[in-house]
Amino acid sequence: MTAAPTLHFCADPSEFLAAAEAYLSADPVVGTVVATVARRMAARRAEGVPLPEDDWWLVVRDASGAVVGAAMRAAPFPPRPPFLLPMPREAAVALAREWHRRGEQVRAVNGALPAARACADEVARLDGGRVEVAQHTRLHLLDRLTPPAPVPGALRTATADDVGLVAAWSGAFMADADEQAGRPRGTSAHETPDRAELLRRIRDGRVWFWTDESGRAVHLTAANPTSFGVARVGPVYTPPEQRGRGWAGNAVAEVCRLLTAEGARVCLFTDQANPVSNRLYARLGFRPVVDMANLTLGD
């Protein structure tokens with residue numbers, strides 16, 4: 001009989017990155033969320049910023065000691081859903097049982113399918129309740145960029161003076177995305193970066209505006225720092241009164257050109273229930289890589 005996978009928890013994101021580096025670098029597109037968050041939190045810790053005591057990072061190893069999965073619980077928003085990368089089904093089930101054993105309350109599970117679903121189903125079996133899909137997401141990788149029809153205006157890198165507008169539009173992004181996907185505004189739990197984090201991203205040159213012919217900002221596109229050669233675009237936000245004018249397609253295309261010129265592969269997430277964004281990114285040349293889901297555990 002083959003030995004079951006083993007779970008190794010880390011409190012230190014740097015320790016996790018050292019253990020999981022080969023696994024994350026082998027498929028850096030699929031691992032983009034965990035890799036970028038782990039590196040961000042490791043940098044904060046190195047700066048002396050205290051991290052939440054109940055954050056954890058998980059490495060899954062097979063009988064030979066090879067890393068075959070990873071996960072984290074570092075979400076700053078309630079109910080702090082763990083995020084799972086692909087892993088053997090028995091590991092996902094064992095993770096749910098470990099939470100139950102140590103009394104860790106888990107009311108939502110995010111991440112790659114089918115591992116996230118297997119884990120959530122086991123949580124429901126052990127703790128009661130039923131699993132509901134809050135959001136089906138899909139991770140896409142840019143294959144070959146197909147530029148959209150050009151529109152007036154130009155891309156401009158955001159500056160520290162823009163942080164108020166960046167914060168407002170970043171905050172509006174998820175509520176508007178819920179509405180476009182047919183859900184009530186504010187349904188989706190999500191991270192809204194604080195001012196310090198937004199300033200960090202702005203100073204890193206990872207936030208851009210599309211400006212119209214008058215120089216007015218009419219659209220926002222941002223990207224996460226490149227990790228293992230992959231840059232993840234998001235959020236992509238156009239205020240309602242500016243939609244339908246081609247700003248988003250042109251901005252994302254130009255950002256993709258910049259990131260690709262740096263040597264990065266470009267990926268992004270879409271909400272499968274949002275036909276507008278899915279059509280846009282398909283036209284630009286993005287192809288699906290893996291389906292993910294945000295799952296909640298209801299009564």
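Predicted, not measured: the structure shown is a model, and the values here were computed from it. (Residues numbered from 1 in each chain as written. Predicted model: local features only at pLDDT ≥ 70, side-chain atom pairs only at ≥ 80, totals over all residues. Heavy atoms only, no water.)

A.B. asks: Can you break down helix α2 (residues 32-46) residue by residue, with the values?
C.D. replies: Counted at 1.5 Å a residue, the expected span for α2 with its 15 residues is 21 Å, and the 21 Å between its end C-alpha atoms agrees. α2 sits mainly inside the fold: eleven of its 15 residues count as buried. All buried positions along α2 are accounted for by T32, V33, V34, A35, T36, V37, A38, R40, M41, A42 and R44. Positive backbone phi, at 90°, marks G48, one or two positions downstream of α2. (Helix = DSSP H or I, 4+ residues; strand = E, 2+ residues; numbered from the N terminus. Expected span 1.5 Å × (residues − 1). Buried < 20%, exposed > 50% of the residue type's maximum accessible area, 1.4 Å probe, protein only.)

A.B. asks: Tell me about the side chain of T238, and name the residues and values.
C.D. replies: Take T238: it is sitting in the loop between β10 (230-237) and α7 (247-261). Within the local environment of T238, its side chain forms a polar contact with the side chain of H219, the two groups lying 2.7 Å apart. Excluding residues that lie within four positions of it along the chain, T238 makes contacts with V218, H219, R243, W247 and A248. (Polar contact = N/O pair within 3.5 Å; in protein donor to acceptor, adjacent residues only side chain to side chain. Contact = heavy atoms within 4.5 Å.)

A.B. asks: Outline unusual backbone geometry, listing residues and values.
C.D. replies: For residues other than glycine, phi is negative in most cases, and the peptide bonds are mostly trans. A cis geometry characterises the amide bond from P78 onward to P79, with omega recorded as 0°. Tracing the sequence through the fold places P79 in the loop between β3 (67-73) and β4 (83-84). The peptide bond linking G234 to P235 adopts the cis configuration, its omega dihedral lying at -5°. Within the secondary structure layout, P235 lies in strand β10. In this structure, R80 is a non-glycine residue whose phi angle is positive, near 50°. Considering the arrangement of structural elements, one finds R80 in the loop between β3 and β4. On the basis of relative accessibility, which here comes to 16%, the residue R80 falls in the buried class. In this structure, F228 takes a positive phi of about 55° despite not being glycine. Position of F228 among the secondary structure elements: in the loop between β9 (217-223) and β10.

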